[in-house]
2 protein chains.
Amino acid sequence: MARIVQKFGGTSVGDIERIRNVATKVKRDVDSGNEVAVVLSAMAGTTDQLVAWTRDAASNVDPREYDVVVSTGEQITTGLLAIILQDMGIPARSWASWQLPIKTDAAHTKARIRGIETASVETDLKAGRVAVFPGFQGISPDGRITTLGRGGSDTSAVALAAALDADRCDIYTDVEGVYTCDPRIVSKARKLERITYEEMLESASLGAKVLQARAVEMGMKHHVQIQVRSSFEDVPGTMVVDEDEIVEREIISAITYSREEAKITVAKVADKPGVAAAIFGPLADANINVDMIVQNVSEDGNQTDITFTVPEGDSLRAIDTIKQSQDAIGYQRIDHDADVVKISVIGVGMRSHAGVAQRMFKTLSEKAINIQVISTSEIKVSVLIAEEYTELALRALHSAYGMDVE
Amino acid sequence: MARIVQKFGGTSVGDIERIRNVATKVKRDVDSGNEVAVVLSAMAGTTDQLVAWTRDAASNVDPREYDVVVSTGEQITTGLLAIILQDMGIPARSWASWQLPIKTDAAHTKARIRGIETASVETDLKAGRVAVFPGFQGISPDGRITTLGRGGSDTSAVALAAALDADRCDIYTDVEGVYTCDPRIVSKARKLERITYEEMLESASLGAKVLQARAVEMGMKHHVQIQVRSSFEDVPGTMVVDEDEIVEREIISAITYSREEAKITVAKVADKPGVAAAIFGPLADANINVDMIVQNVSEDGNQTDITFTVPEGDSLRAIDTIKQSQDAIGYQRIDHDADVVKISVIGVGMRSHAGVAQRMFKTLSEKAINIQVISTSEIKVSVLIAEEYTELALRALHSAYGMDVE
């Protein structure tokens, strides 16, 4: 007997028939003698509608009331699943986040989970009752509803799995697992049997939308066994595990891409100490996440260009912020390019293998693809290239690293 | 300065523009220096959709989970109104029923309010903050969400007005007030300036859908000044008041009708003691609300017919229940007629005026309308007639009682 947390996303609970399908997954694990807790998203589209209403309502939306509105979708799906399970003869009940409670901080619309009181749910689970939780939400210290930000249901599931000391956290989604590359682009991509937390974390941060980065981080911290698997096909998914659980390591596990990047170049700034701080300080204050940064070698020793990337949605705000600091920075021009893609190769094997980055550069060069920015970490190499080369680059790299399925 | 509770129904909060219109009504009362609490229904159609989902989900719906699902619509509208009010510069916050709490019994889907803890809201109201509440819901003794049954938002509003010791409870709706008769049928119907709780209670029970009977009952008990008024036209509505506040009494205040009746005749039952109990006992046990009852005079002293009405939606279940008791009752035949309408004349003045019923019978007789069943109380006379005569009967009676607007 094991204790299993199952998490289903918006597509998996998109209508009553699909919620019924979710119930059969619950039943299967219950029938095998397991204790089962379920975490649900809202029906696909519901949260978008709720967000749209708050936008139509006002230009300045009180984040506390925003959370009141957008948290309702999950309440609906939890009740419906409990109804269906009981109708199938499986004891079940829904739990609102205030009924446990799931405690978060007070950062409305992007709250972080601080702790979960599980005493009452424990009793229920041990009595063989399935517990159904709304993902994406919690309760602030002063007792108001909070939400965790888009995609927060993954985080809810892993946090509940940790709090309930679950043996496994199954993330059911509309893909069959984690792939070496996006199979819609690279037909020879392969589903991974296992991937390490660190690689998964990099994948999530670098554009693969399978699992939220915060959820992986939490899983890594609390050693939660996460499995990414399909809601629709009954096949094994991908296990996210500690590095030492992977016996035979590939050098590269995954190649990811993200089109949601914008490149900003601040041209002809004085090449002197303090200039980088003058640019990136105000951006940090404005809560804009700067990713890749490169500073060109100064041609004449006096002036240089500083190039960096930000999320595409923040780029106009970033430019405004820099303009407001023009005096402090003393630049001549700001260039902006949204037609870029960040491509990353990820793998813990990189640590013990030289030449990984070199192979990437060589492969792209052979296809005449110009690399605009490079950034590296211990287990990944990312490059920024023109967006039009996305497919070409992904396929060439997948093949060059010997990852193609025969 | 007064304390006012405003209640808006589903049509009045049907979309963002209409919620904005609600906000202007709140602003008007706030600007006049009042403390304002607001009770909202879900957007028109939302609750129907939620109920439909629970029906699609299962044939046996757990009422506790039903309440979890169908209570979400009001959470959405309260959040949206609070957002709009704040955007207009009016301090406001939404309150979930568990945040007060609004305590009910455990009768899920038709719970009754037991008490409301208002301490935290009091502080807010006194600080000039508008409090926005979801109608139709509360919290059971074991901390689960309950709903009060369809139309329960009126009851929520009056209960909150009583608990907050409000000076007035304004029920905003899509009609301008309480009319002497349905103006869609009787064009000469007149809006009443005042109506007594008792008359309003009879009207609500007898088919006028302006205000829920339970809300009127609660208003009467706690002496809440209720005003029924329009969300869309800025005109005075109808005040529901104690009888002694009405100086010049009309004999008849209102004529109502209800098509949602079904007539059942249990034919040729033995005319002996205990037969009525054998019929109505099982119906009561099955929670079927029997309204009008008539027992025919026995022709031969041995057998009689018993006729009664039940809500149309319960009629098949009522017939089944009687069939199961056939041995105890010993009837020969059951007849069933859903094409009937109950027409009622209501007025506290009836107590001191003879001949009210007689005028009703005479008027209907002059139009050759056959009366099938009669029932009376201290302040109303109801008759059951064939449904096809509805309009004819209402117009004739409205005129006969001298209620027509010139």
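All figures in this text were calculated on a predicted structure; none of them were measured in a lab. (Residues numbered from 1 in each chain as written. Chains lettered and ligands numbered in written order. Predicted model: local features only at pLDDT ≥ 70, side-chain atom pairs only at ≥ 80, totals over all residues. Heavy atoms only, no water.)

Chemist: Would you mind going over the overall build of chain A with me for this structure?
Modeler: Looking only at helices and strands, chain A has 13 helices and 18 strands in total. Taking 2.2 N^0.38 as the reference for a compact globule, 406 residues should give roughly 22 Å; the C-alpha atoms of chain A span a radius of gyration of 23 Å, in line with that estimate. Taken along its principal axes, the extent of the C-alpha atoms in chain A is 75 × 55 × 35 Å. Classification of the 406 residues of chain A by burial places 55% in the buried group. Carbon and sulfur atoms make up 46% of the accessible area of chain A, which amounts to about 17,100 Å² in all. Of note, chain A has its 43 positive side-chain charges centred 2 Å away from the centre of its 59 negative side-chain charges. (Helix = DSSP H or I, 4+ residues; strand = E, 2+ residues; numbered from the N terminus. Rg over C-alpha atoms; globule rule 2.2 N^0.38 Å. Buried < 20%, exposed > 50% of the residue type's maximum accessible area, 1.4 Å probe, protein only. Areas by Shrake-Rupley, 256 points an atom, 1.4 Å probe, with all protein chains shown as cover. Lys, Arg positive; Asp, Glu negative; His and termini not counted. Charge placed at Lys NZ, Arg CZ, Asp CG, Glu CD.)

Chemist: Mind showing me how you'd approach the relation of the copies chain B and chain A here?
Modeler: Least-squares fitting of chain B to chain A yields an RMSD of 0.1 Å, with the transformation described by 0.1 Å of translation along the axis and a rotation of 180 degrees. On the angle and the small slide along the axis, the relation comes out as a two-fold axis. Relative to the rotation axis, the closest C-alpha in chain B is found at Thr72 of chain B, a distance of 3.0 Å. A shared interface surface links the copies, since 100% of the contact residues of chain B are contact residues in chain A too. (Least-squares fit on C-alpha atoms with pLDDT ≥ 70 in both. Contact = heavy atoms within 4.5 Å.)

Chemist: Explain the pattern of salt bridges here, please?
Modeler: Oppositely charged side chains are able to pair whenever their charged atoms sit close together. If you walk through the whole model with that rule in mind, you get 56 salt bridges over all chains. In this structure, Asp170 of chain A and Arg168 of chain A form a salt bridge, with 2.8 Å as the shortest nitrogen-oxygen distance. Residue Asp170 of chain A is classed as buried on the basis of its relative accessible area, which comes to 0%. Of the charged contacts in the structure, one is a salt bridge between Glu366 of chain B and Lys362 of chain B, with a shortest N-O distance of 3.2 Å. (Salt bridge = Lys/Arg side-chain N within 4 Å of Asp/Glu carboxyl O.)

Chemist: What exactly am I supposed to notice about the confidence of the model for chain A here?
Modeler: Low-confidence regions, as indicated by low pLDDT, have predicted coordinates that should not be scrutinised in detail. Per-residue confidence for chain A gives a mean pLDDT of 92; residues scoring 70 or more make up 98%. Scored as a whole, the predicted complex attains pTM 0.85, and scored at its interfaces, ipTM 0.84. (pLDDT = per-residue confidence, 0-100.)

Chemist: Honestly, helix H5 (residues 119-126) of chain A in this entry has me stumped. Any pointers?
Modeler: An α-helical turn contains 3.6 residues, so a residue and the one three or four places further along point in the same direction. Residues and elements named next belong to chain A. For H5, the set of buried residues is Val121, Glu122, Asp124 and Leu125. Down the axis of H5, the sector holding all buried residues measures 165 degrees, keeping them to one side. Residues of H5 that are exposed and point over 90 degrees away from its buried face: Ala119, Thr123 and Lys126. For H5, the secondary structure elements touched by its buried residues are strand E1 (3-8), strand E2 (35-40), strand E3 (92-94) and strand E6 (130-134). Gly128 occupies a position one or two residues after H5 and carries a positive phi of about 85 degrees. (Arc of directions from axis to C-beta.)

Chemist: Help me understand the sheet that holds strand E16 (residues 333-346) of chain B, please; the structure alone is not making it clear to me.
Modeler: Within a beta sheet, neighbouring strands are joined by backbone hydrogen bonds and run either parallel or antiparallel to one another. Residue and element names in this part refer to chain B. The six strands are arranged E14-E15-E13-E16-E18-E17 in an open sheet whose pairing can be described as antiparallel. Single-partner strands in this sheet number two, and they are strand E14 (293-295) and strand E17 (373-377). For this sheet the average axis-to-axis angle between neighbouring strands, irrespective of direction, equals 25 degrees. Summarising the sheet, E17 and strand E18 (residues 380-386) pair through five bridges and their orientation is antiparallel. Residue Ser375 lies in a different strand from E18, and its bridge partner there is Ser382. Running at roughly 20 degrees to strand E15 (residues 303-311), helix H9 (residues 275-285) makes contact with strand E13 (254-270), E14 and E15 of the sheet. Contacts between helix H13 (residues 390-400) and the sheet are confined to E13, E16 and E18, with E13 contributing the most and set at about 120 degrees to the helix. (Pairing = 2+ DSSP bridges. Axes fitted to C-alpha atoms, helices over the stretch in contact; angles between N-to-C directions.)

Chemist: What is the right way to look at the interface of chain B and chain A in this model?
Modeler: With 40 residues of chain B in contact, the opposing surface of chain A contributes 40 residues. Carbon and sulfur atoms supply 61% of the area buried between chain B and chain A, which totals about 3,200 Å² over both sides. By the criterion of area lost to chain A, the three top residues of chain B are Gln75, Ile83 and Trp98 of chain B, representing 20% of everything that side buries. Taken together, chain B and chain A are joined by zero salt bridges. Remark: the boundary between chain B and chain A carries 16 residue pairs in polar contact (both at pLDDT 80 or more). The element contributing the most residues to the side of chain B that touches chain A is helix H4 (residues 72-87) of chain B, with 11 residues. (Buried area = accessible area lost by both parts, 1.4 Å probe. Polar contact = N/O pair within 3.5 Å; in protein donor to acceptor, adjacent residues only side chain to side chain.)

Chemist: Would you explain the packing of aromatic side chains in this entry?
Modeler: Each aromatic ring pair is specified by the distance between its two centres and by the angle formed by the two planes. Under the counting rule described, the total for this entry stands at five aromatic pairs over all chains. Ring centres of Trp98 of chain A and Trp98 of chain B lie 4.7 Å apart, and the angle between their planes is 10 degrees; this geometry places the pair in the stacked category. Remark: Trp98 of chain B occurs in the loop between strand E3 (92-94) and strand E4 (102-104) and Trp98 of chain A occurs in the loop between E3 and strand E4 (102-104); the pair is interchain, linking two chains. A single burial state applies to Trp98 of chain A and to Trp98 of chain B, both of which are buried. For the pair Phe8 of chain B and Tyr172 of chain B, a centre-to-centre distance of 4.5 Å together with 15 degrees between the ring planes defines the contact as stacked. (Phe/Tyr/Trp six-rings, centres within 6.5 Å; stacked < 30°, edge-to-face > 60°.)

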